[in-house]
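Chain by chain, the residues run as shown.
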Amino acid sequence: MRLERSIPAEALDAIRAPLLAAGAAPTDAPVLQPLGLLLDLAGEAMRSRLFVVSGDGGEEAALRPDFTVAVARQHFSGGAASGRYRYEGKAFRVAPRGSDRAEEFLQIGIEAFEAGDPVAADAEMAALAWAASAAGGRGDLSLVLGDVSLFAAFVDSLDLAAPLAARLKRAFAKPRQLKAELDGSSERGLAADEEKSRIAALLAGLPEAEASAVLQELWSLAGIEPVGGRRPAEIARRLVEKAETAKAGRLDADQAAKVRAFLAVSDRPEAALDAIASLAGPNDAALKAAVAGWRARLSGMAAQGVPLERATLAAAFGRAFGYYDGYLFEVRSAALSDERPIAAGGRYDGLPGRLGVSTINTGAVGFMVRPARAYAGGGE
Ligand SMILES: N[C@@H](Cc1c[nH]c[nH+]1)C(=O)O
C-alpha cells in the first residue's frame with residue numbers, strides 16, 4: 001500500500017489546532033468495517049476503492065475508507081442522542097488505476113450528531129475545515145459548495161408527474177441515467193427499457209391481487225413455478241410500478257432545458273442562488289426555503305472567516321460517498337488536481353436511519369482534513 005509523505009510535527013499541530021477548539025471528544029474507530037454496509041453507503045465511485053478483507057469464516061470486512069460511517073456506528077451503538085467527536089487516524093482507499101495517490105493516509109476530522117440549528121452547524125464545520133486547511137500554509141485555496149437536496153427541491157418545483165420526478169431525483173448522482181433523461185429520445189436510457197415492458201403495461205390497469213392472479217395463471221399454463229425468487233404479489237407490484245413509471249413519460253424540451261440550466265449553475269455562491277431561484281418552477285416553496293437556508297449558511301460562514309470570494313456554489317456538485325443528503329463541500333488547492341481535495345465534508349442526516357437507528361432524532365454533519373495535502377511544504 002502506498003504511503004503518503006509525513007509532515008513536520010509543527011505543521012500537523014497547526015492544522016489540528018482549529019479542531020481542538022471545537023468542543024469535540026477525541027475518539028478512535030475500528031479500522032475494519034462491515035463490507036456490506038460500506039458497499040451500501042458508498043457511492044458508485046467509492047465501491048471500487050475499498051480494500052476488502054476476509055478473515056476466517058466471519059463477516060466480510062473492508063478497511064475504513066473514511067471515518068464517517070465508523071464514527072456514526074460507534075456513536076449510535078452507545079445509545080446517546082447527541083455527541084461531537086474528533087478523530088485522527090489512517091484511512092485506506094485503493095488508488096484509481098494509473099494514479100500515484102496514497103492508499104493509506106491520515107485524516108483528521110469531526111463528526112457532530114446534534115439536534116440544534118443545522119444551518120449554523122453547517123457553517124461552523126465549513127469554517128473549521130477552511131481554517132485547518134489554511135493553517136497548512138497554502139495560499140491558493142478555494143471552496144466548492146453544493147447541496148444534493150437542492151436538486152430534489154428544484155425538481156419538485158417543476159410540478160412533474162410524481163413517478164417522473166422520482167426517476168429524475170434517482171438519476172442525479174448517475175451521469176448516464178441523467179443524460180438519458182435529459183436527452184429524452186435516448187434508446188439506451190432506463191425510461192426506454194421501462195416502456196418496452198408489454199406485460200407491465202397489461203397488468204398496470206389491474207388491482208394488485210388480480211395482477212398477481214394473472215401471473216400465477218400464466219405460470220401454471222406454462223407449467224413453471226418461480227423457485228426461491230420473488231413472490232407473485234411482489235413481482236406484480238414491481239411490474240405495475242414499472243408501467244406507471246413508463247406512463248409518466250419524459251421531460252419535454254422545455255423542462256429538460258430548465259434541468260440542464262439548473263445543473264450548469266456554478267458561480268460565486270450568492271449569484272448561484274439568484275440563478276437557481278430564477279429557474280424555479282411554480283411549486284417553489286421548498287426550493288425557496290432551501291435558498292433562504294443557503295443565504296443564512298453563507299453569512300454564517302463569512303462571519304466565521306470563510307472568504308466567500310474564494311467559494312463557488314455548483315448545483316451539480318456531488319461526492320463519491322452515498323451518505324450525503326444535504327449541503328457538502330470540498331476545499332481544494334490550485335496546485336493539486338480537483339480529485340485531491342484538502343478537506344471535505346457535509347451533512348448526512350439520513351445515515352442514522354440507514355444504520356437502523358429510528359429512535360434517536362438527530363442531525364449529522366462533519367468534515368475531514370488531509371494534513372499531507374494541506375501542508376504547503378509537501379504535496380501528497
Ligand atoms: N468522510 C468524508 C468527509 C466527511 C466527514 N463527515 C462528513 N463528510 C471524506 O473522507 O471525504
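The numbers attached to residues start from 1 for each chain and follow its sequence in the written order. The predicted nature of this model means local features are confined to residues of pLDDT at least 70 and side-chain atom pairs, given and counted, to a pLDDT of 80 or more, with totals for whole chains, interfaces and linings taken over all residues. Here the side-chain values reflect all heavy atoms present in the structure, with hydrogen atoms and water set aside.

Visitor: Lay out helix H6 (residues 148–157) with the relevant residues and their values.
Guide: Residues of H6 that are buried: Leu 150, Phe 151, Ala 153, Phe 154, Val 155 and Ser 157. Looking at the buried side of H6, the elements it contacts are strand E7 (141–147), helix H7 (162–171), helix H8 (175–183), helix H13 (253–264), helix H14 (269–279) and helix H15 (285–303). Secondary structure follows DSSP: runs of H or I at least 4 residues long count as helices, runs of E at least 2 residues long count as strands, and numbering of each begins at the N terminus. Looking at the residues trailing H6, positive phi occurs at Asp 159, about 60°. Exposure classes here rest on a 1.4 Å probe applied to the protein chains alone. A residue is buried below 20% of its type maximum, exposed above 50%, and partly exposed in between. By the convention used here, residues are in contact when the closest approach between their heavy atoms is within 4.5 Å.

Visitor: Explain the UniProt feature "binding site: L-histidine" (unreviewed entry) in the chain to me, using residue names and the numbers behind them.
Guide: Mapped onto this structure's residue numbering, the UniProt feature "binding site: L-histidine" (unreviewed entry) falls at Asp 66, Phe 67, Thr 68, Arg 93, Gln 107, Glu 111, Arg 319, Tyr 323 and Tyr 324. As for the annotated residues, the ones lining the largest cavity are Asp 66, Phe 67, Thr 68, Arg 93, Gln 107, Glu 111, Arg 319, Tyr 323 and Tyr 324. Its place among the elements puts Arg 93 in the loop between strand E5 (83–92) and strand E6 (104–113). Apart from the residues lying within four places of it in its own chain, the contact partners of Arg 93 are Met 46, Arg 49, Phe 51, Pro 65, Asp 66, Ala 102, Glu 103, Phe 105, Gln 107 and Phe 321. Here the side chain of Arg 93 touches Pro 65 through a polar contact of 2.8 Å, landing on its backbone oxygen. Within the secondary structure, Arg 319 is located in the loop between strand E9 (311–314) and strand E10 (327–333). For Arg 319, a relative accessible area of 19% translates into the label buried. Apart from the residues within four sequence positions on either side, Arg 319 is in contact with Tyr 324, Leu 328, Phe 329, Glu 330, Pro 341 and Ala 344. Polar contacts here mean pairs of N or O atoms no more than 3.5 Å apart (in protein, one a potential hydrogen donor and the other a potential acceptor; neighbouring residues in sequence count only if both atoms are side-chain atoms). Side chain to side chain, Arg 319 and Tyr 324 meet in a polar contact 2.9 Å long. UniProt positions are given in the numbering used here, feature names are shortened, and annotations may be inferred rather than shown by experiment. A pocket, in this scheme, is an open set of points on a 1 Å grid over the protein atoms alone with protein on both sides within 12 Å along at least 5 of 7 lines, while a cavity is a set where a 1.4 Å probe fits but cannot get out; residues line either one if an atom lies within 4 Å of a point.

Visitor: Hey, could you go over the layout of surface pockets for me, with residue numbers and the actual values?
Guide: Grid points are joined across faces, edges and corners, and a volume is the space filled by probe spheres set on the points. The calculated volume of the largest pocket comes to roughly 1200 Å³. Lining of the largest pocket is provided by 41 residues; of these, Arg 170, Phe 172, Ala 173, Lys 174 and Pro 175 occupy positions nearest its centre. Counting residues per element, the ones that place at least two in the lining of the largest pocket are helix H2 (35–41), helix H3 (44–47), H6, H7, H8 and helix H16 (351–354). By the convention adopted, Pro, Cys, Tyr, Trp, Phe, Met, Ile, Leu, Val and Ala count as nonpolar, Lys, Arg, Asp and Glu as charged, and the other residues, Gly among them, as polar. Class assignment for the residues of the lining of the largest pocket results in 20 nonpolar, eight polar and 13 charged. Volume-wise, the second largest pocket comes out at about 430 Å³. Lining the second largest pocket are 21 residues, and of these Arg 319, Ala 320, Glu 330, Glu 339 and Pro 341 lie nearest its centre. Among the secondary structure elements, those contributing two or more residues to the lining of the second largest pocket are H3, E6 and E10. Among the residues forming the lining of the second largest pocket, the class breakdown is nine nonpolar, two polar and ten charged.

Visitor: Describe the site of the ligand, naming the residues involved and giving the relevant values.
Guide: Only a single heavy atom is needed: when it lies within 4 Å of a molecule or strand, its residue is near that molecule or strand. The environment of the ligand is formed by 17 residues, the closest being Asp 66, Thr 68, Glu 111, Arg 319 and Tyr 324. Contact between the ligand and Arg 319: an oxygen atom at 2.9 Å from a side-chain N or O atom of the residue. Any molecule with more than half of its atoms within 2 Å of a cavity's or pocket's grid points is regarded as sitting in that cavity or pocket. With respect to the detected pockets, the ligand is housed in the largest cavity. Broken down by secondary-structure element, the contributors of at least two residues to the shell around the ligand are E6, strand E11 (343–347) and strand E12 (365–369). Class assignment of the residues belonging to the shell around the ligand gives a composition of eight nonpolar, five polar and four charged.

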